[in-house]
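# Residue-level structural notes
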Amino acid sequence: MFSLNVPVPGGLKRVAAELHPELSRFERIRERHTLVAKRFDTALDDDADSLPRLRERLRPLLRQHGATQRRGSGGIDLRVTGLDYFETPTRGAGPVVFLAVESDDLQALHRRLCESFGTVSGIEGDDYVPHVTLARGGRVDDADNLVGRTSIDPIEWTATELHVWDSRYREAAARIPLR
């Protein structure tokens, strides 16, 4: 129902748009590009289905995380490093073609959130791979060929807020600053 997402910059959206013709061979192309920091699951935490309770629990955690990052930007430093794919994703149709994201800040925040809200098996904790999905479904050979012949210039940005995403309405239900 809810997830905590990192807003992505315009440069990332432009790269996704440029890759669109190459992604047409896959069953589904993702039009909204998101970077999930944490999924909330009612089986792990009773507050996962209440936006007001979730938001109030997140604010101090995110403020604390932002304060620990003050030695640098005060936000979450992120970097898209290239194109990759999951051959067999934990959930849904594969392959999943994605932009790979590296961020020690995001990894640290993800661990802290898992400690507070529980870990969704198979996709979080040690299994967490920060990424922005571009397309899914289709042939693994197509994903392998695309990744093998496509070069992406690194995209760097600093997120200073995070969004609580409501999957029912497909929109950000809350924005929470890191400062």
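Heads up: the structure comes first, above all this text.
Residues numbered from 1 in each chain as written. Predicted model: local features only at pLDDT ≥ 70, side-chain atom pairs only at ≥ 80, totals over all residues. Heavy atoms only, no water.

### Quick word on the sheet that holds strand β3 (residues 35–40)
Which entries qualify depends on this criterion: Here, any two strands with at least 2 DSSP bridges between them count as paired. Numbering goes from the N terminus for both helices and strands, where a helix is a DSSP run of H or I of at least four residues and a strand is a run of E of at least two. Between the N-to-C directions of two axes lies an angle of 0 to 180 degrees, each axis being a line fitted to C-alpha atoms and, for a helix, fitted only over the stretch in contact. In what follows, residue pairs with any heavy atoms lying within 4.5 Å of each other are defined as contacts.
Taking strand neighbours across the sheet as the criterion, the four strands line up as β3-β1-β8-β9 in an open arrangement whose pairing is antiparallel. If you trace the sheet from one side to the other, it starts and ends with β3 and β9 (171–177), each paired once. The sheet shows a mean angle of 25 degrees between the axes of neighbouring strands, direction not considered. Two strands pair when backbone bridges link them, and strand β8 (residues 161–166) and β9 are joined in this way by six bridges, in the antiparallel orientation. Among the inter-strand pairings, V164 is bridged to a residue of β9, identified as A174. On top of the sheet, helix α3 (residues 104–117) reaches β1 (2–6), β3 and β8; it is set at about 10 degrees to β3, its chief contact.

### A closer look at the pattern of salt bridges
Which entries qualify depends on this criterion: Only one rule defines a salt bridge in this text: a Lys or Arg side-chain nitrogen within 4 Å of an Asp or Glu carboxyl oxygen. Burial here depends on accessible area, computed with a 1.4 Å probe over protein chains only, as a share of the maximum for the residue type. Under 20% is buried, over 50% is exposed, and the range in between is partly exposed.
Under the counting rule described, the total for this entry stands at 11 salt bridges. One salt bridge connects E22 with R25, and the closest N-O pair in it is separated by 3.5 Å. Overall, the relative accessible area of 26% leaves E22 in the partly exposed class. Here R53 makes a salt bridge to D47, at a shortest N to O gap of 2.7 Å. A residue is classified by how much of its surface remains accessible, and D47, at 16% relative accessible area, is buried. Connected through salt bridges with shared partners, the residues D45, D47, D49, R53 and R57 form a single ionic network.

### As for the layout of surface pockets
Quick note on the threshold: Any residue with an atom within 4 Å of a point lines the site, the site being either a cavity, points on a 1 Å grid over the protein atoms alone where a 1.4 Å probe fits but cannot get out, or a pocket, an open set with protein on both sides within 12 Å along at least 5 of 7 lines. Grid points are joined across faces, edges and corners, and a volume is the space filled by probe spheres set on the points. Gly is put with the polar residues, along with every residue not named as nonpolar or charged; the nonpolar set is Ala, Val, Leu, Ile, Met, Phe, Trp, Tyr, Cys and Pro, and the charged set is Asp, Glu, Lys and Arg.
The computed volume of the largest pocket comes to approximately 990 Å³. Contributing to the lining of the largest pocket are 34 residues, with R30, V36, R39, T133 and R136 lying nearest its centre. Approximately 210 Å³ is the volume found for the second largest pocket. Around the second largest pocket, the lining is made up of 13 residues, and of these P7, H33, T34, H163 and W165 lie nearest the centre. When grouped by side-chain class, the residues that make up the lining of the second largest pocket number six nonpolar, four polar and three charged.

### Describing the side chain of T133
The condition that has to hold: Under the rule applied, a polar contact is a pair of N or O atoms within 3.5 Å (in protein, one hydrogen donor and one hydrogen acceptor; residues adjacent in sequence only if both atoms are side-chain atoms).
Its place among the elements puts T133 in strand β6 (residues 131–136). By relative accessible area, T133 is classed as buried at 8%. In terms of polar contacts, T133 uses its side chain to reach the side chain of H131, at 3.4 Å.

### Digging into the pairing of strand β5 (residues 96–102)
Burial within β5 is extensive, with six of its seven residues counted as buried. Where strand β4 (residues 76–86) lies against β5, seven bridges are found, and the strand directions are antiparallel. Bridge pairing links D84 to F98 in β5. As defined by bridge partners, β5 adjoins β6 across five bridges and the pair is classed as antiparallel. Note that in β6 the partner of A100 across the bridge is H131.

### Some details on the nonpolar core
Heads up, the rule is: For our purposes a nonpolar core is just a set of buried Ala, Val, Leu, Ile, Met, Phe, Trp, Tyr and Cys residues, chained together by side-chain atoms within 4.5 Å.
Ranked by size, the top nonpolar core spans 47 residues in total, and within it L58 and W157 carry the most contacts. With near-sequence residues (within four places) excluded, W157 lies in contact with V6, P7, V8, P9, L12, L35, I76, D77, L78, R79 and V80.

### Focus: the sheet that holds β4
Ordered by their spatial adjacency, five strands build an open sheet running β2-β6-β5-β4-β7, and the pairing between neighbours is antiparallel. On the outer flanks of this sheet lie β2 (28–29) and β7 (155–159), each paired with one strand and no other. In this fold α3 packs onto β4 and β5, with an angle of close to 90 degrees to the strand it touches most, β4.

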